[in-house]
Amino acid sequence: MGYLAILIGFTLVTILVVKRWTPVIVCIIAASVCILLNGLPYGETMNNVYFAGLSSMVKSIFPCLFAGSLIAQVYSRTGAVNSLGDTMANLLFKEGSSQTRNYISCVLACVLTAGVLAYSGMNSLVTIIALYPIAMRLFERAGVPKKFVMGPLNCVYTFGVALPGSVQIANVLGMQQLETPSYAGLVGGIIGMIAEIIVILLIMTWMIKKDVAKGGAFAYGSTDVIADDEKERPKAIITLIPLAALIIAFNVFGIEIFTASMIGFILATILFWKYLPAREESKITELKDVCSAAFIQGVTPAIMVGSMVGFTSVLQALPEYQRMIDAVFATNVSPVILLLLAVSFIAFITGSSSSAMRIGMPIAISHCQAAGFSNAFIHRVSAFTATILDTMPWASSQLINLSISGLDVKDCYPSCFVTTVIAPAVGTLVCVIVMRILPFVI
């Protein structure tokens, strides 16, 4: 009955998530079915296994999500994000450049800005919302059809999450489970990131040129708000200080992630104070709203991801689950392939890279270690793999894209597929190859 329960449980999760049910409810239903089918004590198992797993995950990731959301709120409300985006565009756009060069510059400006902000631990949703009007202005300047806009912005879910030293949860979970430094797999990770960016630029430029040749052109949508150029905002060089402080505190001084992020938040609040709007004629009231919004943006995904961990905790309590895992690893398939499959499968059904790291990676850790793979290899390859299939069309991130842009799936998703599936898959492959060829390099 255990095998049937596992099959039914995963099937329920997959079907209901695809049908856009709330992950928390989905996982409670699936866990309940597994418990009842196996005749386990319902209340005891839910409290001691399901909710224990959920709470452990929330404890691990909520501090990162909350602090990252605080920073993102301040950057968004003060216009600091706009300063970064405009500066990046001015550096890349050159007068008299060819149209192809303008396409590349436009996409690269969005990719790098989104990647840098994600790398600094900012909440992905808030970052995309803040960057969207800037990206629209860049796309208008380069003459790129709007249908491609969400692709580059979705780089908040790719190399910025997986890169060595990233303040994002996927990297932090790798550190926690493998006791590795944040920069583990440094060389392989950097080369993998470069490969991702090259793939994005090549494919997206080709897609844009093909669409423009068929008559595609930039046009604002009926619900788009044009960014305000009149509003005073922080200078770009100042906006880099809190981000740099956060990254240095975390990676150089080894300060734990929540404290490092709060340092970044406090610095951002102080440096950008004059640019913070005055809600009800009070900046303190606005700051209180910043904290309230950041809490909601932090706790909601933390509980959603935690619910999936709770469900898998119930499965792992079944003897059949461990026998199934042992049978899989008893095959002659390379442990690296099994690591890739385990991590990507969880990312696929949950739409979450952090769930993939917390649930999928531990399945293969001992087998990879027994095969002689270093913890740095497991850490970095898992982080890259977790970003490949966490953005399927039914994932919450993609549903949010549609609401922000006003596009439909047919127009919006192809560019997102390039930046969040194809490019990360290539980056992961490159990372694996580099770290296997140069195992002695950090």
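What comes next is a walk through the structure. As the structure is a computational prediction, the values presented were derived from the model and not from experiment. (Residues numbered from 1 in each chain as written. Predicted model: local features only at pLDDT ≥ 70, side-chain atom pairs only at ≥ 80, totals over all residues. Heavy atoms only, no water.)

## Observations concerning the overall build of the protein chain
- Looking only at helices and strands, the protein chain features 19 helices and zero strands.
- Its C-alpha radius of gyration of 22 Å places the protein chain within 12% of the 22 Å reference for a compact globule of 442 residues.
- Dimensions of the protein chain along its principal axes, counting C-alpha atoms only, are 65 × 50 × 45 Å.
- When the 442 residues of the protein chain are sorted by exposure, 55% land in the buried category.
- Approximately 18,100 Å² of the protein chain is accessible, and the part contributed by carbon and sulfur atoms is 67%.
- The centroid of the 25 positive side-chain charges in the protein chain is displaced by 5 Å from the centroid of its 22 negative side-chain charges. (Helix = DSSP H or I, 4+ residues; strand = E, 2+ residues; numbered from the N terminus. Rg over C-alpha atoms; globule rule 2.2 N^0.38 Å. Buried < 20%, exposed > 50% of the residue type's maximum accessible area, 1.4 Å probe, protein only. Areas by Shrake-Rupley, 256 points an atom, 1.4 Å probe, with all protein chains shown as cover. Lys, Arg positive; Asp, Glu negative; His and termini not counted. Charge placed at Lys NZ, Arg CZ, Asp CG, Glu CD.)

## Here we look at the packing of helix α4 (residues 80-92) against helix α5 (residues 99-119)
- Running from N to C, α4 and α5 point in directions that differ by 145 degrees, and their axes come no closer than 9 Å. Relative to α5, the crossing made by α4 is right-handed. Across the interface between the two elements, Val-81, Leu-84, Gly-85, Met-88, Ala-89 and Leu-92 of α4 pack against Arg-101, Ser-105, Leu-108, Ala-109, Leu-112, Thr-113 and Leu-117 of α5.
- Tallied by class, the residues present in the contact of α4 with α5 amount to nine nonpolar, three polar and one charged. (Axes fitted to C-alpha atoms, helices over the stretch in contact; angles between N-to-C directions. Left-handed = near helix turned anticlockwise from the far one by under 90°. Contact = heavy atoms within 4.5 Å. Nonpolar A, V, L, I, M, F, W, Y, C, P; charged D, E, K, R; others polar.)

## Thoughts on the side chain of His-379
- Assignment of secondary structure puts His-379 in helix α17 (residues 375-385).
- Not counting residues within four places of it along the chain, the set of residues in contact with His-379 comprises Asn-171, Gly-174, Met-175, Leu-178, Thr-180, Pro-181, Ala-184 and Met-357.

## Re the packing of helix α15 (residues 335-350) against α17
- Look at α15 against α17: their axes get within 9 Å of each other, and the N-to-C directions meet at 45 degrees. The orientation of α15 with respect to α17, classified from their angle, is oblique. In the crossing of α15 with α17, the sense of the turn from one axis to the other is right-handed. On α17, the residues touching Val-336, Leu-339, Leu-340, Val-343 and Ser-344 of α15 are Phe-377, Ile-378, Val-381, Ser-382 and Thr-385. (Parallel < 35°, antiparallel > 145°, perpendicular 65-115°, else oblique.)

## Examining the pattern of salt bridges
- Applying the stated criterion across every chain yields a total of six salt bridges.
- The closest approach of N and O atoms between Glu-286 and Arg-279, which form a salt bridge, is 3.0 Å.
- You can call Glu-286 buried: its relative accessible area is 4%.
- With a shortest N-O distance of 3.2 Å, Arg-279 and Asp-289 are connected by a salt bridge. (Salt bridge = Lys/Arg side-chain N within 4 Å of Asp/Glu carboxyl O.)

## Notes on the nonpolar core
- Of all hydrophobic cores here, the largest spans 142 residues; its most connected members are Tyr-75, Leu-153 and Phe-311.
- Looking at this core element by element, the count peaks at 16 residues for helix α3 (residues 42-78).
- Beyond its immediate sequence surroundings of up to four residues, Phe-311 is in contact with Gly-9, Phe-10, Val-13, Cys-27, Ala-30, Ala-31, Cys-34 and Tyr-50. (Core = buried A, V, L, I, M, F, W, Y, C linked by side-chain atoms within 4.5 Å.)

## Notes on unusual backbone geometry
- Despite not being glycine, Glu-179 has its phi angle at roughly 55 degrees, a positive value.
- Structurally, the position occupied by Glu-179 is in the loop between α9 (169-178) and α10 (186-213).
- For Glu-179, a relative accessible area of 74% gives the class exposed.

## Some points on α10
- Taking 1.5 Å as the rise per residue, α10 with 28 residues should run 40 Å; its terminal C-alpha atoms sit 41 Å apart, in good agreement.
- Just downstream of α10 lies Gly-215, where phi reads positive at about 110 degrees. (Expected span 1.5 Å × (residues − 1).)

## A look at a nonpolar patch on the surface
- Taken together, the side chains of Ile-237, Ile-238, Leu-240, Ile-241 and Leu-271 make up a nonpolar region of the molecular surface, amounting to roughly 390 Å² of accessible area.
- If one sorts the elements of the nonpolar patch by residue count, helix α11 (residues 236-251) sits on top with four residues.
- Relative to the elements of secondary structure, Ile-238 occurs in helix α11. (Patch = residues over 30% accessible without salt bridge, like charges linked within 9 Å, V, L, I, M, F, W, Y side chains within 5 Å.)

Read these as spatial facts, not as claims about activity.
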